[in-house]
Amino acid sequence: MGLEKKSALLEDLIKKCGGCAVVDGGFATQLEIHGAAINDPLWSAVSLIKNPELIKRVHMEYLEAGADIVVTSSYQATIPGFVSRGLSVEESESLLQKSVNLAVEARDKFWDKVSKITGHSYNRALVAASIGSYGAYLADGSEYSGNYGENVNLDKLKDFHRRRLQVLVEAGPDLLAFETIPNKLEAQACAELLEEENVQIPAWICFTSVDGEKAPSGESFEECLEPLNKSDNIYAVGINCAPPQFIESLISKFAKLTKKAIVVYPNSGEVWDGKAKQWLPSQCFGDDEFEMFATKWRDLGANLIGGCCRTTPSTIKAISRDLKRR
Ligand SMILES: C[S+](C)CC[C@H](N)C(=O)O
Ligand SMILES: N[C@@H](CCS)C(=O)O
Ligand SMILES: [Zn+2]
C-alpha cells in the first residue's frame, strides 16, 4: 500500500480543516492539573497503572476544546519501564494497548455525542499513538540534549522501539506520533523500523530543538530530515515541545527541506530541568499568544498545529478558534 492509501484518513481530516488540523495539548500537564503525581520514571505513563479513567477524562477535555487529533498516554510507556516496576511483559503490553483503547473510547464517546448535534463544528477526531524518544524512556532529560552516549547505535534504538511499536500498531490507532526525537540516528531508526515492520498507518516524526535552528544533538534539520524524506510511511515531520518563539522560523526552514506535511506543537516556553524534574519558568506564552501564532504558523505552511507541555485545553480552544474562524 502506498502512502496515499495509508494516510487517507489523515489527509481527509486536514482537507476538511481547510489545510490545517488541530492537535491536542500538553497531556501530562492536564493530568497534573487534575492532581496526578507524575514525578516518576514513567512520568505520565504512571497514570496507565494508577488512574486510567483520568486519562480518558483528559482526552475528553481536549476533544471538547476542539482537538482534531488526540495523542495517547504512551509517551513514556515502555515495556522495560513497566517491567522495572514489577509488571510482567504481558501486563506491560496490555497497558500499551490500553493507552490506545482509552483514546479510541474517548473519541468514539465524544463523536457519538456531538455528531447528533445539528450545526456542531467538530470533526471526528483521529487517535495518534504516542511514541516518545529513547531519551524520554531514560527519564534524564536527554530528549532535549540528544546525548545518548557512545553505546547507542542504530540497532539499539530499533530494538528499543520495535516491540512497543508493534503492540501500539496492533491496538489500532489511526496514526503514530513519534515525539521529542533529538537526533538523526533515532529519526533514522524510527523510519527504518516503520518500513521493516510494514506499518500500514501514517506517522509523524517530531524533533525537539533548544536553539531554534538545529536538533538538540547539534545536527542540522537538513541532515535529520534526509532519512525521513525518503520514507513512504512518514506523512509529516516537525517540532514538538520546543518554545513557541522558535516555531515561525523552523516552519520556514522545514518548508524548504521537505515535501511532507509539517506538524508543530510547541510547549509554553518553559524549560524542563531533567535533573530536578521540574519546569523552570522562562519566556512563557499564554493562550492569547498561541491564538495569534496559530494562523501565522498555518500561513507559513504548517498542516497540524497544537500544544505540548504546559499548554492546556484552553490553549487548544484558542488555537482551534483561531484556525476554524473562516
Ligand atoms: C517531555 S519531558 C518533560 C518528559 C519527562 C522526562 N522524560 C523525564 O522523565 O524527566
Ligand atoms: N504527548 C506528550 C508529549 C510530551 S513532550 C504529552 O503531551 O505529555
Ligand atoms: Zn512536551
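Residues numbered from 1 in each chain as written. Chains lettered and ligands numbered in written order. Predicted model: local features only at pLDDT ≥ 70, side-chain atom pairs only at ≥ 80, totals over all residues. Heavy atoms only, no water.

A. Broad picture of the UniProt feature "domain: Hcy-binding" (unreviewed entry) in the chain. In the numbering adopted here, UniProt assigns the feature "domain: Hcy-binding" (unreviewed entry) to residues 9-323. Its end C-alpha atoms 20 Å apart, residues 9-323 is made of 46% helix and 14% strand. (UniProt positions renumbered as here; feature names shortened; annotations may be inferred. Helix = DSSP H or I, 4+ residues; strand = E, 2+ residues; numbered from the N terminus.)

B. Representation of the site of ligand 2 in the model. Neighbouring ligand 2 are Gly26, Phe27, Ala28, Trp43, Tyr75, Glu179, Thr180, Asn240, Cys241, Cys308 and Cys309. The separation between an oxygen atom of ligand 2 and a polar main-chain atom of Phe27 is 2.9 Å. For ligand 2, an oxygen atom lies 3.2 Å from a polar atom in the backbone of Ala28. Starting from 270 Å² of accessible surface for ligand 2 in isolation, the protein chains cover 97%. Broken down by secondary-structure element, the contributors of at least two residues to the shell around ligand 2 are helix 3 (27-33) and strand 4 (175-181). Each residue belonging to the shell around ligand 2 can be placed in one class, and the counts come to seven nonpolar, three polar and one charged. (Near = heavy atom within 4 Å. Polar contact = N/O pair within 3.5 Å; in protein donor to acceptor, adjacent residues only side chain to side chain. Areas by Shrake-Rupley, 256 points an atom, 1.4 Å probe, with all protein chains shown as cover. Nonpolar A, V, L, I, M, F, W, Y, C, P; charged D, E, K, R; others polar.)

C. Molecular detail of the coordination of the zinc ion (ligand 3). Coordination of the zinc ion (ligand 3) by the protein is provided by Cys241 (SG), Cys308 (SG) and Cys309 (SG), with metal-donor distances spanning 2.2 to 2.4 Å. In this structure, the zinc ion (ligand 3) is coordinated by four donor atoms arranged in tetrahedral fashion, with angles at the metal of 94 to 129°. All donors of the zinc ion (ligand 3) belong to a single chain; written as a sequence motif, their spacing is C-x66-C-C. You can see Cys241 sitting in the loop between strand 6 (234-240) and helix 12 (247-257) and its partner Cys308 sitting in the loop between strand 10 (304-305) and helix 14 (313-323), a full 67 residues away along the chain. (Donors = N, O, S within 2.8 Å, 3.2 Å for Na, K, Ca; no water. Tetrahedral: all angles 85-135°; square planar, octahedral: opposite > 155°, others 65-115°.)

D. Structural view of unusual backbone geometry. Despite not being glycine, Ala139 shows a phi value in the positive range, around 60°. Relative to the elements of secondary structure, Ala139 occurs in the loop between helix 8 (134-138) and helix 9 (154-170). One non-glycine residue, Arg310, lies in positive phi territory at about 70°. With respect to the helices, strands and loops of the structure, Arg310 is situated in the loop between strand 10 and helix 14. Arg310 gets classed as partly exposed once you look at its relative accessible area, which sits at 35%. (Buried < 20%, exposed > 50% of the residue type's maximum accessible area, 1.4 Å probe, protein only.)

E. Region of the structure containing the sheet that holds strand 5 (residues 203-207). The strand order 1-10-7-6-5-4-3-2 describes an open sheet built from eight strands, whose pairing is parallel. Bordering the open sheet on either side are strand 1 (21-22) and strand 2 (69-71), each of which pairs with just one other strand. As paired strands, strand 5 and strand 6 are joined by five bridges and run parallel to one another. Across the sheet, Ile205 pairs through a bridge with Val237, a residue of strand 6. (Pairing = 2+ DSSP bridges.)

F. Looking closely at the site of ligand 1. In the neighbourhood of ligand 1, the contacting residues comprise Trp43, Tyr75, Gln76, Ala136, Ala139, Glu143, Tyr144, Trp272, Lys277 and Trp279. Side-chain polar atom of Glu143 to a nitrogen atom of ligand 1: 2.7 Å apart, as the coordinates give it. In the environment of ligand 1, an oxygen atom lies 2.7 Å from a nitrogen or oxygen atom belonging to the side chain of Lys277. Across the complex, the protein chains shield 99% of the 330 Å² of accessible surface that ligand 1 would expose by itself. Classifying every residue of the shell around ligand 1 gives seven nonpolar, one polar and two charged.

G. Summary view of the pattern of salt bridges. Considering all chains together, one arrives at 22 salt bridges under this definition. One salt bridge connects Asp68 with Lys324, and the closest N-O pair in it is separated by 3.0 Å. Residue Asp68 is found in the loop between helix 5 (52-65) and strand 2, and its partner Lys324 is found in the segment after helix 14; the two are separated by 256 residues along the sequence. Among the residues examined, Lys324 registers a relative accessible area of 24% and is labelled partly exposed. Residue Lys296 pairs with Glu248 through a salt bridge whose shortest N-O separation is 3.5 Å. (Salt bridge = Lys/Arg side-chain N within 4 Å of Asp/Glu carboxyl O.)

H. Expanded view of the UniProt feature "binding site: Zn(2+)" (unreviewed entry) in the chain. Within this structure's numbering, the places UniProt gives as "binding site: Zn(2+)" (unreviewed entry) are Cys241, Cys308 and Cys309. A maximum C-alpha distance of 6.3 Å among these annotated residues, which run over 69 residues, shows that they cluster at one spot. The exposure class of Cys308 is buried, given its relative accessible area of 10%. The residues contacting Cys308, other than those within four sequence positions of it, are Gly25, Gly26, Asn240, Cys241, Tyr265, Pro266 and Asn267. Following the sequence through the fold, Cys309 ends up in the loop between strand 10 and helix 14. Once residues within four sequence positions are removed from consideration, Cys309 is found in contact with Gly26, Thr29, Trp43, Cys241, Asn267, Ser268 and Trp279. (Contact = heavy atoms within 4.5 Å.)

I. Region of the structure containing the side chain of Lys260. Residue position: Lys260 is located in the loop between helix 12 and strand 7 (261-265). Although Lys260 is buried, it makes no salt bridge; Asp232 carries the closest opposite charge, 5.5 Å away. In terms of polar contacts, Lys260 uses its side chain to reach the backbone carbonyl oxygen of Ile234, at 2.9 Å. (Lys, Arg positive; Asp, Glu negative; His and termini not counted.)

J. Representation of the pairing of strand 5 in the model. Counting buried residues in strand 5 gives five out of five residues, a clear majority hidden from the surface. Side-chain alternation along strand 5 places Ala203, Ile205 and Phe207 on one buried face and Trp204 and Cys206 on a second face that is also buried. In terms of handedness, the path from strand 4 via helix 10 (residues 184-196) over to strand 5 forms a crossover that is right-handed. Running through helix 11 (residues 221-229), the crossover from strand 5 to the neighbouring parallel element strand 6 is right-handed. (Right-handed = clockwise from strand over helix to strand, strands pointing away.)

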